[in-house]
Amino acid sequence: MTNTIFNPDKLVRVAWWVLAAIVFGLTLAIRIRLLGVPLERDEGEYAYAGQLMLQGIPPYKLAYNMKFPGTYAAYALIMSIFGQTITGIHLGLLLVNAATVALVFLLGRKLMNSTAGIAAAASYAVLSVSPSVLGFAGHATHFVMLPVIGGTLLLLNPSDRQTFGRLFASGLLFGVGLLMKQPAVFFILFGAIYLVSTDIRRRLGLKRIFLRNLTFGGGVITPFGLTCFVLWYAGVFNKFWFWTINYARQYGSLIPISAAPQVFMYSVKKVIGPGWALWMLAGLGLMVGLWDKRTRASTGFLLGLLVFSALALCAGFHFRQHYFILVLPAVSLLVGVAISKVSDFLREHLSVLSFTTFFLFGAALGLPILWKSSFFFRASPDDACRMIYQANPFPESVRVAEYVRQHTSPNDTIAVLGSEPQIYFYAKRHSATGYIYTYGLMEPQKYAHQMQHEMIREIELARPKYLIFVVVTYSWSRRPASDPLIFTWANEYTAQNYAVAGFVNLVAPDRTDYYFGELPQSVPQLGAYIVIYERKS
């Protein structure tokens, strides 16, 4: 009886579950504390497009962008449940992240064991909340990984008795991932290659292999096919195709392959940062997993997932921080392999040190949280936003939109000159132009001049009651060779048709001066700024 109560293996298993509860509770508390962080511009885009969908307005009618509409629909669903607020959106993200953590655990347990699953899930929970990947913000990459991991889990089966319904459901989830963001196509390739190779290795007949893969492919194309039909029926298919295919092709070729290593190194240093111990454990897991015959197949599967995750990350060579969320499940699962193998080794050969792995892993998880403790535990939502986004006018957008909403009616339109779509969402007013981003107008791509003319034409036809001119570098990314037409036109158009109604001066990261109504003749210190114009009577 005594041996049963004090069984070391049982104590170690309990300790792992206790660690999991602590980590998940802590990351959950962090996300709850950061629910009120102002939306950044990508979130603003998704929120505004989702808001329009809830009003019955299809994507690409009043808001143009190159992303597939899956994340718009996800935001619309979240806001229909939790409300059209910052907190509601981030609460939806919290649930999406929690579901992904759970699926990572299930996948790790299926491939290895419960210890690997717990370690993988805990690693993902910590890495995916980190500001190094902007994990607290509702980027599309979060919404990609939830269905992709679900589809991967359904695809795994040690026998050849996988039902066609299961294969179709797996393909369906991969297809939903594609609707969230185009680079998810690489996960579909991974799933298809894995299915074919597994069927060949099991010596299935050609007819059965063909039918199984046709079923999987049918599931993959169903979400995209239905989306195309709905957009065609809504009359916006041509806009959808131009932005998500034609322009997206131009955008994807902006960075030459020769510049990719430099861009990658700049971003990867930020991404790994204080989480270096977990990334090193992932490398260790890859090596020991491939070395051991018992785990070689599972680790080979994870290596394939890592490779195709990296291909998804590399699309366009932009390597933005939140793109790295695409590789976090594979990295976290490899951490699980490392922890599981080291734990097994110590239990078999040095049982007195069984808890060593537990404590070392706990330290590796705690390091990135402690390193960013001021962000996680002390900064207010606005201060946390400024810590990460610095001169971007995300907290200021809330005040600007509030002023505009108070001085307009729901039927009035507004126009934002700059890439701040969150203003439309906060103001709950329709955009006078579909160009909710102005980056495309500044880029060295063949549609830039055409886009400027179209934006000008749409604004002049709509005659918006308010025009918000965002004079912030990050809102334009203007290049030396960018066409200046939009700026020349804006200066002339506002002078003829508008009067200044408000002025927001972003003096420093910790100071913003707001002037509404009574405007000063001059300001002692001018930083980046936002001018609010009201149309003359």
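Right above here is the structure, for reference.
In this report, the structure presented in the accompanying data block is examined. (Residues numbered from 1 in each chain as written. Predicted model: local features only at pLDDT ≥ 70, side-chain atom pairs only at ≥ 80, totals over all residues. Heavy atoms only, no water.)

With respect to the overall build of the protein chain
Across its full length, the protein chain holds 23 helices and 6 strands. The buried share of the protein chain, taken over its 537 residues, is 55%. Of the contacts formed within the protein chain by residues at least 6 apart in sequence, a portion of 74% connects residues at least 24 apart. When the accessible surface of the protein chain is summed, it comes to about 23400 Å², and 64% of that surface belongs to carbon and sulfur atoms. Of the side chains in the protein chain, 44 bear a positive and 26 a negative charge, and the two mean positions are spaced by 11 Å. (Helix = DSSP H or I, 4+ residues; strand = E, 2+ residues; numbered from the N terminus. Buried < 20%, exposed > 50% of the residue type's maximum accessible area, 1.4 Å probe, protein only. Contact = heavy atoms within 4.5 Å. Areas by Shrake-Rupley, 256 points an atom, 1.4 Å probe, with all protein chains shown as cover. Lys, Arg positive; Asp, Glu negative; His and termini not counted. Charge placed at Lys NZ, Arg CZ, Asp CG, Glu CD.)

A look at the pattern of salt bridges
Counted under the stated rule, the structure contains 8 salt bridges. For Asp 199, the salt bridge identified is with Arg 212, shortest N-O distance 2.9 Å. On the criterion of sequence distance, the pair formed by Asp 199 in helix α9 (residues 185-201) and Arg 212 in helix α10 (residues 206-233) is long-range, its members being 13 residues apart. Look at Arg 212 and you get buried, because its relative accessible area is 0%. The residue Glu 454 makes a salt bridge to Lys 239 at a minimum N-O spacing of 2.7 Å. Of the two residues, Glu 454 is situated in helix α22 (residues 448-462) and Lys 239 in helix α11 (residues 237-252); the sequence distance between them amounts to 215 residues. You can call Glu 454 buried: its relative accessible area is 13%. What makes Lys 239 partly exposed here is its relative accessible area of 25%. A single network of salt bridges, built from pairs that share partners, joins Asp 292, Arg 294 and Lys 341. (Salt bridge = Lys/Arg side-chain N within 4 Å of Asp/Glu carboxyl O.)

Observations concerning the environment of Ile 468
Looking at the secondary structure, you find Ile 468 in strand β3 (residues 466-471). Note: C-alpha distance between Ile 468 and Arg 31 (437 residues apart in sequence) is 32 Å.

Points about the pairing of strand β5 (residues 511-516)
Across 5 bridges, strand β4 (residues 498-508) lies against β5 in antiparallel orientation. By the bridge assignment for β5, Asn 505 is matched with Asp 513. Hairpin connection, β4 to β5: the antiparallel pair is bridged by 2 residues. (Pairing = 2+ DSSP bridges.)

Some details on the side chain of Lys 67
Among the secondary structure elements, Lys 67 is positioned in the loop between α3 (41-54) and α4 (70-82). Separated by 2.8 Å, the side chains of Lys 67 and Glu 45 make a polar contact. Side-chain polar atoms of Lys 67 contact the side chain of Asn 65, separated by 3.1 Å. Excluding anything up to four places from it in sequence, Lys 67 contacts Asp 42, Glu 45, Tyr 46, Tyr 60, Tyr 72, Lys 181, Gln 182, Thr 244 and Tyr 437. (Polar contact = N/O pair within 3.5 Å; in protein donor to acceptor, adjacent residues only side chain to side chain.)

A look at the nonpolar core
Membership of the largest hydrophobic core comes to 167 residues, with the highest contact counts inside it found for Met 145, Phe 187, Leu 278, Phe 361, Leu 417, Ile 468 and Ile 486. Among the elements that take part in this core, helix α6 (residues 114-127) stands out by supplying 10 residues, more than any other. Among residues more than four places away in sequence, those in contact with Phe 361 are Trp 16, Leu 19, Ala 119, Ala 122, Ser 123, Leu 278, Leu 281, Val 335 and Ile 339. (Core = buried A, V, L, I, M, F, W, Y, C linked by side-chain atoms within 4.5 Å.)

Looking at helix α23 (residues 485-497)
For α23, with 13 residues, the first-to-last C-alpha span of 18 Å sits near the 18 Å given by 1.5 Å per residue. Among the residues making up α23, those that are buried are Ile 486, Phe 487, Trp 489, Ala 490, Tyr 493 and Thr 494. Projected down its long axis, α23 shows its buried positions confined to an angular sector of 160°, all on one face. For α23, the exposed residues lying more than 90 degrees away from the buried face are Ala 495 and Gln 496. Against the buried residues of α23 lie β1 (413-417), α21 (439-442), α22, β3, β4 and β6 (528-535). (Expected span 1.5 Å × (residues − 1). Arc of directions from axis to C-beta.)

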